[in-house]
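Coordinate analysis (summary)
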Amino acid sequence: MKIAIFGDSYASTYAHNRAKPYPSWSEMLSIKYDIVNFSENGSSLYYMKRIFDQEHQKFNKIIFCVTAPGRLEFKIDTLENNLNYAPWYQHISTIHTIKQRLKIPELTELDKKRYKILYDYILEIQDFEQEQYKHTMMLNDVTTQRPDTILIPAFPTSIYGQPNCLEDITRFEDSIFNKTTGTYFDGRLCHMSLENNKVVFDIIEDALLNNKSKISLSRDRFVEPSADTKLLLEDF
Amino acid sequence: MKIAIFGDSFGDDHINWIDQNRWLDVGPSWVDYLRQFHDIDNFSAGGSSLYFSKIRFDNTDLSKYDKIIFIATSPYRRYNFGSNWNIGRIETELTNKNLSPEWRDQLLALKSYFLYVWNESDLYFHDLMIKDMTNMYPSILRLRYGQLDEASNNECKKVYGRLLIDIFQAGYSDARKCHLCEENNLILGKQIQHSLENNLDLNIDVEKFVTPPREFEYYFRKTV
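None of the values given here were measured: they were computed from a predicted structure.

Observations regarding the overall build of chain B
From N to C terminus, chain B includes nine helices and eight strands. For 224 residues, the compact-globule estimate of 2.2 N^0.38 gives 17 Å, and chain B sits close to it at 18 Å. Taken over the C-alpha atoms alone, chain B extends approximately 55 × 45 × 30 Å along its principal axes. Relative to its 224 residues, chain B shows a buried fraction of 54%. For chain B, contacts bridging at least 24 residues in sequence account for 74% of all contacts bridging at least 6.

What follows is the structure in structure tokens.
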């Protein structure tokens, strides 16, 4: 069975500093199945949907980890071929991403001007209702093309009617460690401990083997992470 | 037949204008032609974006209608601040000396969006909305914005040697119903009626459109 995975950092195999302290749920799946993982940290649903449109027909099964609405793709020529930043520099997940990008030393004055325009766009122009509408349309198109897709909500706003999401696990683990989500460099694969990556692996494998397209991420399925997981969270 | 029309100014005939008595001397639209035969609800709005029309489409009880006619407008329009914008409208608004600083900043951000942020993802969403509509309502009749825009501009170029945008920028308003002269509104109306009567796909032949016979001042009225 050939399986494709699409998604953001909740499905990718990359973590902070490219260190891999343990396998992610998608890597656990790739030990047992023929997996191609297209996920990229910070990517928008639009970006993944374009790849899905081109590739999905080559696969028997699709796992789609759905990010939040409102993410953008914004190319800057200066960074396009710079291996320090490629391939993810173009993914703008939040307004704070732009603040981080503006610190990149290689940027030209024109690049900075363009990022500031994007910043103003997000602040003044971007409309949540329209973003949610586009998001829903794209998801509907995914499930129309591939009704067998296993959809996994990464965030509370990812899939309408499915409030339980992967971010819940991150927040749960952060509360154990007395950390505020988003105030640290996250060395956890898919933003969760090894223990909870295993739980997600089990949930998805069950969906694959039993032809389910909907999964349950209810809180009672997840476990307390081991204490040394906290070492992977570096404060800013 | 009961028909619903969605779209922009190529469908927004005088029935929906704020001042319905404006330019009563200029002849009927293609929508008026179809009104002779059908019961029409026209949801078109001049200057509207596809998102605006699509939301109207989504929120309309389509089961009431035997046919839907949809004009999918240019992808270079956006719904923001409770209205529909393109770069021309923004630039016109920015000439207003009485704008508040906050509103001016918002307009400049919107202008910058069109110049620097708009990209292939906007075109993708545009096409996805059209696909979504045809999935929901497979028998929809689509009037292609590109064809209508070309036909309208051909009228302007052939007779007056100018594009419509240049005419607007010179301070004129377009008194032609749906941006076409009466004769071409009639031709368009007949082509649509032929599709409706024979249950055919809509295939507008703009080659059949004629050169407008009247003078410039009949079709374009000075407003500035």
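Moving on from the coordinates now.
Let's talk about the environment of Ile87 of chain B
All names here are of chain B. Tracing the backbone through its elements, the reader meets Ile87 in helix H3 (residues 87-94). Residue classification places Ile87 among the partly exposed positions, given a relative accessible area of 28%. Between the C-alpha atom of Ile87 and that of Tyr113, which follows or precedes it by 26 residues, the distance is 9.5 Å. Not counting residues within four places of it along the chain, the set of residues in contact with Ile87 comprises Lys111, Phe114 and Leu115.

Concerning the interface of chain B and chain A
If you look at the interface, chain B gives 24 residues, while chain A gives 23 residues. Carbon and sulfur atoms supply 62% of the area buried between chain B and chain A, which totals about 2,200 Å² over both sides. A per-residue breakdown of the area chain B buries against chain A is headed by Tyr51, Tyr124 and Phe125 of chain B, which together make up 27% of the total. Summed over the shared surface of chain B and chain A, the number is one salt bridge.

A short note on the pairing of strand S2 (residues 39-42) of chain B
If a strand is regular, its side chains alternate between the two faces of the sheet. Residues and elements named next belong to chain B. Burial of S2 is one-sided: the residues Ile40 and Asn42 facing one way are buried, the residues Asp39 and Asp41 facing the other way are not. Pairing of strand S1 (residues 2-6) with S2 involves four bridges; the strand directions are parallel. The partner of Lys2 across the bridge, within S2, is Asp39.

Observations regarding the pairing of strand S1 (residues 2-6) of chain A
Residues and elements named next belong to chain A. Where burial is concerned, most of S1 is hidden: four out of the five residues are buried. Relative to strand S2 (residues 34-37), S1 runs parallel, the two sharing four bridges. Bridging from a neighbouring strand, Ile3 pairs with Ile35 of S2. Alignment of S1 against strand S3 (residues 61-66), held across four bridges, turns out to be parallel. What sits directly across from Phe6, in S3, is Phe64.

Comments concerning the environment of Gly171 of chain B
All names here are of chain B. Note on placement: Gly171 falls in the loop between helix H7 (164-169) and strand S7 (172-174). On the basis of relative accessible area, Gly171 is assigned to the buried category, the value being 8%. Between the alpha carbons of Gly171 and Phe220 there is a distance of 9.6 Å; along the sequence they are 49 residues apart.

Brief notes about the sheet that holds S2 of chain B
Residues and elements named next belong to chain B. Across the sheet, four strands lie side by side as S2-S1-S3-S6; this open sheet has parallel pairing. Edge positions in the sheet fall to S2 and strand S6 (141-144), since each of these pairs with one other strand and no more. Direction aside, neighbouring strands of the sheet carry axes that sit 20° apart on average. Of the pairings in the sheet, the one linking S1 to strand S3 (residues 67-72) comprises four bridges and is parallel in character. Paired with Ala4 across the bridge in S3 is Ile68. Sheet strands touched by helix H8 (residues 182-198): S1, S3 and S6. Its angle to S6, the strand with the most contacts, is close to 155°.

Points about the environment of Glu150 of chain B
Among the secondary structure elements, Glu150 of chain B is positioned in helix H6 (residues 145-160). As a C-alpha pair, Glu150 of chain B and Leu163 of chain B span 13 residues in sequence and 9.9 Å in three-dimensional space.

Concerning helix H5 (residues 109-125) of chain A
All names here are of chain A. With 17 residues, H5 extends 23 Å between its outermost C-alpha atoms, agreeing within 8% with the 24 Å of an ideal straight helix rising 1.5 Å per residue. All of the buried residues along H5 are Asp111, Tyr115, Ile117, Leu118, Tyr121, Ile122 and Ile125. Around the axis of H5, the buried residues are gathered within 155° of arc, so they sit on the same side. Exposed and oriented more than 90 degrees from the buried face of H5 are Glu109 and Leu123.

How each quantity is defined
Residues numbered from 1 in each chain as written. Chains lettered and ligands numbered in written order. Predicted model: local features only at pLDDT ≥ 70, side-chain atom pairs only at ≥ 80, totals over all residues. Heavy atoms only, no water. Helix = DSSP H or I, 4+ residues; strand = E, 2+ residues; numbered from the N terminus. Rg over C-alpha atoms; globule rule 2.2 N^0.38 Å. Buried < 20%, exposed > 50% of the residue type's maximum accessible area, 1.4 Å probe, protein only. Contact = heavy atoms within 4.5 Å. Buried area = accessible area lost by both parts, 1.4 Å probe. Salt bridge = Lys/Arg side-chain N within 4 Å of Asp/Glu carboxyl O. Pairing = 2+ DSSP bridges. Axes fitted to C-alpha atoms, helices over the stretch in contact; angles between N-to-C directions. Expected span 1.5 Å × (residues − 1). Arc of directions from axis to C-beta.

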